[in-house]
Amino acid sequence: NKSSPELYPDVNSWFQTLLKAAPQYNNNISVSGGNESIRARLSIRQQKQASILDVSHDYGADLRDVRLNTDFKLSKKLNASADINYRNNYTFAPANEGEVFNRFIHGTLFATPRYTNALEGQYPGITGTYGLSPQGISPRILAELDGTSKRFEESIFSGVKAEYEIIKGLSLSS
């Protein structure tokens, strides 16, 4: 019944009411150079992603990455390389992020996402409340009221390699 969408909600309208388009930015800069004895490449990257959840929190992610790769020709038969990668990642998301998206599809098909003031006066006490499925589930409640998760992860990866050519076509590396 289109005359009262709050009393007769569209089937599975969660995608239209709880999701939005969200930008993602990727910025990269790289510098490389060298000669016969040494080659190096430095790259810096930042990736920012806003959340697709259209809720009161400003969820999203921010990743930063710095990488340095170097190759050395120490002699005619001996080569070496050293690489280092630093990464930090900040993520702000619903505490039950997987459950929010799972509940879009399972168990909430006939629930209204949130009642508005359109029913004010007709049904006291129902306006502004969250709609629930028959199982008592609401992805909007999970996304807005079930807590948040702020994660900050830092990591450093490094590697060193040496390669010695014993004879043409046969080399030892470690």
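Numbering of residues starts from 1 in every chain and runs along the sequence as written. Reporting in this predicted model follows two pLDDT cut-offs: at least 70 for local features of residues, and 80 or more for side-chain atom pairs to be given and counted; totals over whole chains, interfaces and linings ignore these cut-offs and use all residues. Note that the side-chain values use all heavy atoms of the structure and ignore hydrogens as well as water.

(A) Seen up close, the overall build of the protein. Secondary structure is summarised from DSSP: a helix means a run of H or I of at least four residues, a strand means a run of E of at least two, and numbering begins at the N terminus for each. In terms of helices and strands, the protein carries three helices and six strands. Seen in sequence order, the protein has helices and strands lined up from the N terminus as α-β-β-β-β-α-α-β-β. Summary of the burial criterion: residues with accessible area below 20% of their type's maximum are buried, those above 50% are exposed, and those between are partly exposed, where the area comes from a 1.4 Å probe applied to protein chains only. Looking at the protein residue by residue over its 174 residues, the buried ones come to 24%. Residue contacts are defined here by distance: any two heavy atoms, one from each residue, within 4.5 Å place the two residues in contact. When contacts within the protein are restricted to residue pairs at least 6 apart in sequence, those whose partners lie at least 24 apart make up 60%. In these tables, accessible area is a Shrake-Rupley quantity obtained with a 1.4 Å probe, and a residue counts as shielded only by the protein chains included in the view. When the accessible surface of the protein is split by element, carbon and sulfur atoms take 54% of a total near 11,600 Å².

(B) How the structure looks around the side chain of Asp-65. Residue placement: Asp-65 occurs in strand S3 (residues 60-73). Among the polar contacts listed, one links the side chain of Asp-65 to the side chain of Arg-87, at a separation of 3.4 Å. If we ignore the near neighbours within four places in the chain, the residues touching Asp-65 are Ser-43, Ile-44, Arg-45, Asn-85, Tyr-86 and Arg-87. Polar contact is defined as a pair of N or O atoms within 3.5 Å, subject to the rule that within protein one atom must be able to donate a hydrogen and the other to accept it, and that residues adjacent in sequence are counted only when both atoms are side-chain atoms.

(C) Focus on the pairing of S3. Following DSSP output, two strands are said to pair if at least two bridges run between them. In this structure, strand S2 (residues 38-50) lies alongside S3, joined through 13 bridges in antiparallel fashion. Each residue of the ladder has a partner; that of Leu-42, found in S3, is Leu-68. Where S3 and strand S4 (residues 78-94) come together, 14 bridges link them in antiparallel fashion. Across the sheet, residue Lys-73 finds its bridge partner in S4, namely Asn-79. Where S3 hands over to S4, the hairpin turn is made up of four residues, counted between the paired strands.

(D) Summary view of the sheet that holds strand S5 (residues 148-167). Strand order across the open sheet formed by six strands is S1-S2-S3-S4-S5-S6, with antiparallel pairing between neighbours. Since the sheet does not close on itself, it has two edges, and those belong to strand S1 (24-34) and strand S6 (170-173), each with one partner. With direction set aside, neighbouring strand axes in the sheet form an average angle of 15°. Fitted lines through C-alpha atoms give the axes, limited to the stretch in contact for helices. The angle between two N-to-C directions lies from 0 to 180 degrees.

(E) Spatial organisation of the pattern of salt bridges. A side-chain nitrogen of Lys or Arg and a carboxyl oxygen of Asp or Glu constitute a salt bridge if their distance falls within 4 Å. Under the defined criterion, the tally for this structure stands at seven salt bridges. When the shortest N-O distance is used, the salt bridge between Arg-39 and Asp-71 registers 3.0 Å. A residue pair is termed long-range when its members are at least 10 positions apart, and Arg-39 in strand S2 and Asp-71 in strand S3 qualify at 32 residues. Among the residues examined, Arg-39 registers a relative accessible area of 51% and is labelled exposed. Assessed through its relative accessible area of 31%, Asp-71 is described here as partly exposed. Residue Asp-65 pairs with Arg-87 through a salt bridge whose shortest N-O separation is 3.4 Å. One end of the pair, Asp-65, is in strand S3; the other, Arg-87, is in strand S4, with 22 residues separating them in the sequence.

(F) Highlighting the pairing of S5. Bridging between S4 and S5 involves 17 bridges; their strand directions are antiparallel. Note on S5: the bridge partner recorded for Ile-84 is Ser-158. Taken together, the four bridges between S5 and S6 define a ladder with antiparallel strand orientation. Each bridged residue has a counterpart across the sheet, and for Glu-163 the counterpart in S6 is Ser-173. Here S5 folds back onto S6 in antiparallel fashion, the turn holding two residues, of which Gly-169 has a positive phi close to 90°.

Read these as geometric descriptors, not functional statements.
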